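Each chain, letter by letter, is given below.
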Amino acid sequence: MRIVVLVSGTGSNLQAVIDAVQSGELGVEVAAVGADRPGTFGVERSAAAGIETFVVDFKSFEHREDWNAELTSKTAAYAPDYVVSSGFMRIVDQTFLDRFPGRYLNTHPALLPSFPGAHGVRDALAYGVKVTGCTVMIADAGVDTGPILAQTAVPVLADDTEESLHERIKVQERKLLIDTLRSLDTPT
Ligand code: GRF
């Protein structure tokens with residue numbers, strides 16, 4: 001099974017996937033890692049691991065659909081069975097989704113449908129929930145709205161900050177992503 005992973009940031013979840021592949025714990029090939037902006041640590045660490053990388057810089061496109069088209073073709077060039085958004089902070093359009101139907105996975109640091117969007121950890125903390133967690137889902141055209149594949153609950157501690165809570169969630173998010181990838185069949 002071949003995957004392409006899309007990142008916008010540090011890619012610590014991606015690193016967990018790379019480590020699981022290298023240790024033989026996860027039988028997938030990370031065909032490439034793509035980013036929506038230059039200079040991400042996610043791309044840097046992938047290149048260091050000998051993985052092909054590409055950047056489709058959102059800010060260098062005047063029209064969003066042109067960025068989407070380029071992201072779609074760059075990703076498709078690696079013929080992935082699944083595409084994984086791992087901290088990829090952009091919504092893709094229908095062109096991209098149609099190219100990888102039911103094969104675009106996303107992770108989110110909250111128990112959807114609660115607290116979708118870019119600040120899932122902050123919003124859960126601000127609301128005062130006592131349990132939050134992480135979700136792996138099949139992404140659709142909405143913001144964190146696709147069918148849920150797996151979830152793990154994480155308790156909120158009395159002295160949690162956004163950072164401390166997010167770090168504990170990410171420990172579970174990494175495991176959940178790896179377990180979910182392991183459970184997927186290669187599409188025919
Ligand atoms: C994850 O919690 C992801 O769900 C969220 O951002 C974090 C990505 O972190 N959108 P990293 O880039 O894998 O370190």
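Along every chain, residues carry numbers that run from 1 in the direction the sequence is written. The predicted nature of this model means local features are confined to residues of pLDDT at least 70 and side-chain atom pairs, given and counted, to a pLDDT of 80 or more, with totals for whole chains, interfaces and linings taken over all residues. Only heavy atoms go into the side-chain values, all of them from the structure, while hydrogens and water stay out.

A. Inspection of the environment of Gln151 at higher detail. For Gln151, the position within the fold is in strand 7 (residues 148-155). In this structure Gln151 touches Leu111, Leu112, Cys134, Thr135 and Leu176, once residues within four positions along its chain are discounted. Engagement of the side chain of Gln151 in a polar contact is seen with the backbone oxygen of Leu112, the distance being 2.9 Å. Polar contact criterion, stated in full: a pair of N or O atoms within 3.5 Å, where within protein one must be able to donate a hydrogen and the other to accept it, and residues adjacent in sequence count only if both atoms are side-chain atoms. Among the polar contacts listed, one links the side chain of Gln151 to the side chain of Thr135, at a separation of 2.9 Å. Helix numbering and strand numbering both begin at the N terminus, where a helix is a DSSP run of H or I of at least 4 residues and a strand a DSSP run of E of at least 2. Residue contacts are counted whenever heavy atoms from the two residues lie within 4.5 Å of one another.

B. How the structure looks around the nonpolar core. Counting 24 residues, the largest nonpolar core has Ile3, Val5, Val17 and Leu181 as its most contacted members. Looking at this core, the elements with two or more residues in it are strand 1 (2-7), helix 1 (12-22), strand 2 (29-35), strand 4 (82-85) and helix 6 (162-183). Broken down by element, the residue count for this core peaks at 5 residues, all from helix 1. Dropping the residues within four chain positions of it, Val5 is found in contact with Leu14, Val30, Ala32, Val33, Gly34, Val84 and Ser86. Judged by nonpolar contacts, the second largest core, of 19 residues, contains Leu6, Phe54, Tyr78 and Phe100. What we call a nonpolar core is a set of buried Ala, Val, Leu, Ile, Met, Phe, Trp, Tyr and Cys residues that are connected through their side-chain atoms within 4.5 Å. The buried label goes to any residue with under 20% of its type's maximum accessible area, the exposed label to any with over 50%, and the partly exposed label to all in between, with areas taken from a 1.4 Å probe on protein chains only.

C. Structural context of the site of the ligand. A cutoff of 4 Å decides nearness: a residue is near a molecule or strand if any of its heavy atoms lies inside that distance of it. Neighbouring residues of the ligand: Thr10, Gly11, Ser12, Asn13, Gly87, Met89, Thr107, His108, Pro109, His166, Lys170 and Glu173. Between Gly11 and the ligand, the recorded distance is 2.8 Å, taken from a backbone N or O atom to an oxygen atom. Between the ligand and Thr107 there is a distance of 3.4 Å, counted from an oxygen atom to a side-chain nitrogen or oxygen. In short, Shrake-Rupley with a 1.4 Å probe defines the accessible areas, and a residue's cover is counted only from the protein chains shown. Contact with the protein chains covers 89% of the free accessible surface of the ligand, which is 370 Å². Looking at the shell around the ligand, the element that brings in the most residues is helix 6, giving 3 residues. Here the shell around the ligand is composed, by residue class, of 2 nonpolar, 8 polar and 2 charged. Note that Gly is not counted as nonpolar here; it falls among the polar residues with everything else outside the nonpolar set of Ala, Val, Leu, Ile, Met, Phe, Trp, Tyr, Cys and Pro and the charged set of Asp, Glu, Lys and Arg.

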